[in-house]
Amino acid sequence: MNIRKKKLAIIGNGMGTCRLLDELVQRNALDNYEITVFGEEKGGAYNRIQLGKVLAGEAPDSIVTKPPEWYDTHNIRLTHSTRVQKLDTLRRTVETADGHSRRFDVAVLATGSQPLVPPLDGMTGEDGELRAGVFVYRTIGDCLRMREYARSGDSAIVVGGGLLGLEAAKVLSDLGLHVTVIHVAQSLMNAQLDPAAGEMLERQIERCGIFVRTGRTVEAVYGEERASGVILDDGTALPADLVVLACGVRPRVDVARASGLPVNKGIVVNDTLATEVPGVYAFGECAEHQGKTYGIVAPVWEQAAVLADVLSGKGPQARYRGSKLYTRLKVAGVDVASMGSLEPELESDQVYQIIEERRNAYRKLIVRDGRLVGAMLVGNTLATANLVQLFDRGDPLPEDPLEALCQLRSTAATGDRIICNCHKVTAGQLGDAIANGADSVAAIGELTKAGTGCGSCKADITQLIALRKKSSPEPAAATG
Ligand SMILES: Cc1cc2nc3c(=O)[nH]c(=O)nc-3n(C[C@H](O)[C@H](O)[C@H](O)COP(=O)(O)OP(=O)(O)OC[C@H]3O[C@@H](n4cnc5c(N)ncnc54)[C@H](O)[C@@H]3O)c2cc1C
């Protein structure tokens with residue numbers, strides 16, 4: 001029987017859509033849907049987390065995860081370099097900025113976030129666009145523009161000492177620029193780290209040759225046609241050839257607003273990722289679920305799996321209940337992990353800290369009723385997989401909670417311990433891959449996909465390989 005396929009329109013072709021397409025293909029959803037993806041950026045989807053590589057000079061193709069041929073192979077229509085203006089939810093059409101209109105039965109908004117641009121004096125030119133020399137850091141296009149502009153020996157001011165700002169600062173410093181980070185809070189990465197951890201990170205960042213000014217804001221950008229510096233809130237003028245804004249992001253809700261969908265901070269969705277308008281869904285950084293929006297990729301991927309279950313009919317009861325947040329990153333060469341509370345919240349909460357000044361390592365656990373409610377690690381993140389599991393499942397901690405930080409426990413992980421959270425690959429599966437001859441992170445990635453998402457588990461994979469090699473050394477070559 002020839003069933004009429006439904007037209008599924010996906011707006012936005014970022015990391016969330018890339019994952020949703022994989023999930024839909026896995027569930028044979030293309031038997032029931034004719035899918036069109038509209039992406040404002042040029043080409044196929046890419047791993048935004050690896051943008052630093054492009055800023056550092058690698059070809060954009062090196063971070064592309066779905067080249068246009070992938071869409072062709074799967075009979076998915078990719079309309080790239082095309083901005084969607086709105087959905088006409090009555091006529092059920094997608095309206096693009098270039099005046100085209102395309103019918104849909106089901107639509108998914110995956111429009112992500114946009115960088116926050118603070119309304120500072122001198123930030124924009126007369127045309128309302130960012131002044132020459134002022135950049136944001138969100139897309140391949142942003143990186144190529146920055147690369148084109150920056151010259152070794154230039155000075156750069158990075159506004160914002162969070163993950164993105166520090167990453168941009170490190171890359172620009174490695175390119176030979178004189179870099180200063182201006183951060184409004186008293187310590188770096190204050191959303192993920194307590195002041196002690198933030199200060200330790202700051203010392204390490206400064207060792208890379210980057211200057212850091214915390215507790216300061218930028219009041220204005222000065223210069224003639226192009227930016228030539230910034231004025232700080234204490235009146236200091238800092239000359240700069242480049243100003244990079246990394247002051248946070250906010251959900252992109254312009255299409256949703258123009259389409260009359262309920263929008264708060266983000267596009268309001270329920271546990272099936274549905275908006276109030278029948279047949280219209282939203283997920284990823286643009287969506288708001290139970291009052292929360294997210295700015296890292298793990299929740300976006302959890303949402304993609306639920307949405308694929310619902311849309312494909314393979315798991316109609318699937319529900320998204322929110323995500324427990326943990327981050328694991330390499331910030332300017334320093335390993336950092338953080339999950340849950342930064343500080344004790346109840347009087348009965350116990351705090352365990354290990355500070356190793358010489359090794360520049362800091363580890364902290366917050367324990368409530370024998371369970372982990374928060375952890376942060378700087379400079380020594382070997383125990384992360386162990387802690388994430390304890391935190392995620394709410395498993396009881398050992399009698400001495402510091403044992404949870406023991407390296408061997410984290411690496412000689414039990415078979416079911418998830419090491420790659422992006423692709424849900426367990427220590428057991430990694431062990432099998434290593435036993436089958438995969439002896440590098442890249443080889444393991446090819447076999448299991450582990451390490452190919454956000455990449456934060458690569459250190460664990462390396463460690464597992466080393467452990468496996470140690471426990472089964474190569475037989476010594478026979479000598480005559
Ligand atoms: C430099 C950088 C480093 C990062 N590092 C990490 C990290 O280490 N770990 C981590 O977990 N997360 C990290 N993130 C965050 C991560 O990239 C995001 O969580 C993830 O990309 C969100 O996926 P998304 O699909 O919701 O949005 P996006 O990936 O932003 O995709 C949205 C897409 O929709 C398109 N779009 C928007 N509006 C329209 C329209 N009207 N018409 C057509 N297309 C439209 C946009 O152009 C974009 O391509 C990083 C982000 C950046 C920028």
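Refer to the structure above for everything that follows.
The present account deals with the structure reproduced in this document. (Residues numbered from 1 in each chain as written. Predicted model: local features only at pLDDT ≥ 70, side-chain atom pairs only at ≥ 80, totals over all residues. Heavy atoms only, no water.)

### A short note on the overall build of the protein chain
The cut-off we apply is this: Numbering of helices and strands runs from the N terminus; a helix is a DSSP stretch of H or I covering at least four residues, while a strand is a stretch of E covering at least two. Every radius of gyration here is taken over C-alpha atoms, with the globule rule written as 2.2 Å times N^0.38, N being the number of residues. Here, residues are in contact when the closest pair of their heavy atoms is within 4.5 Å.
From N to C terminus, the protein chain includes 13 helices and 29 strands. Taking 480 residues into account, the globule formula puts the C-alpha radius of gyration at 23 Å, and the protein chain, at 24 Å, falls close to it. Seen through its principal axes, the protein chain has C-alpha atoms that stretch 70 × 65 × 65 Å. For the protein chain, restricting intrachain contacts to residue pairs at least 6 apart in sequence, the fraction spanning at least 24 positions comes to 60%.

### With respect to helix H8 (residues 297–312)
Worth spelling out the cut-off: Take the number of residues in a helix, subtract one, and multiply by 1.5 Å to get its expected span.
Relative to the 22 Å expected for 16 residues at 1.5 Å per residue, H8 spans 22 Å between its end C-alpha atoms, a close match to the ideal helical length. Positive phi appears at Gly313, one or two residues downstream of H8, with a value of about 80°.

### Description of the site of the ligand
For clarity, the cut-off: Think of it this way: one heavy atom of a residue within 4 Å of a molecule or strand is enough to make that residue near it. Polar contacts here mean pairs of N or O atoms no more than 3.5 Å apart (in protein, one a potential hydrogen donor and the other a potential acceptor; neighbouring residues in sequence count only if both atoms are side-chain atoms). All accessibility values rest on the Shrake-Rupley procedure with a 1.4 Å probe; residue burial counts only the protein chains present in the view. In this classification, the charged set is Asp, Glu, Lys and Arg, the nonpolar set is Ala, Val, Leu, Ile, Met, Phe, Trp, Tyr, Cys and Pro, and all remaining amino acids, among them Gly, are polar.
The ligand sits among 30 residues. The nearest are Gly16, Glu41, Arg48, Arg138 and Glu285. The separation between an oxygen atom of the ligand and a polar main-chain atom of Met15 is 3.1 Å. In the environment of the ligand, an oxygen atom lies 2.9 Å from a nitrogen or oxygen atom belonging to the backbone of Val297. In isolation the ligand offers 1,000 Å² of accessible surface; the protein chains occlude 96% of this area. The set of elements that each furnish at least two residues to the shell around the ligand consists of helix H1 (15–26) and helix H5 (163–174). The biggest single contributor to the shell around the ligand is H5, with 3 residues. Per-class residue counts for the shell around the ligand are 12 nonpolar, 10 polar and 8 charged.

### Some words on the packing of helix H11 (residues 427–435) against helix H12 (residues 441–448)
How we decide: Axes, fitted as lines to C-alpha atoms, cover a helix only where it is in contact. Angles between the N-to-C directions of the axes lie from 0 to 180 degrees. Here the word oblique covers every angle except those under 35 degrees (roughly parallel), over 145 (roughly antiparallel) and from 65 to 115 (roughly perpendicular). Take the far helix as your reference; a near helix turned counterclockwise from it by less than a right angle gives a left-handed crossing, and one turned clockwise gives a right-handed crossing.
The N-to-C vectors of H11 and H12 enclose an angle of 115°; their axes lie 10 Å apart at closest approach. In terms of axis orientation, H11 runs roughly perpendicular to H12. Here H11 runs over H12; the crossing is right-handed. Between H11 and H12, the residues in contact are Gln429, Leu430, Ala433 and Ile434 and Ile444, Leu447 and Thr448, respectively. Class assignment for the residues of the contact of H11 with H12 results in 5 nonpolar, 2 polar and no charged.

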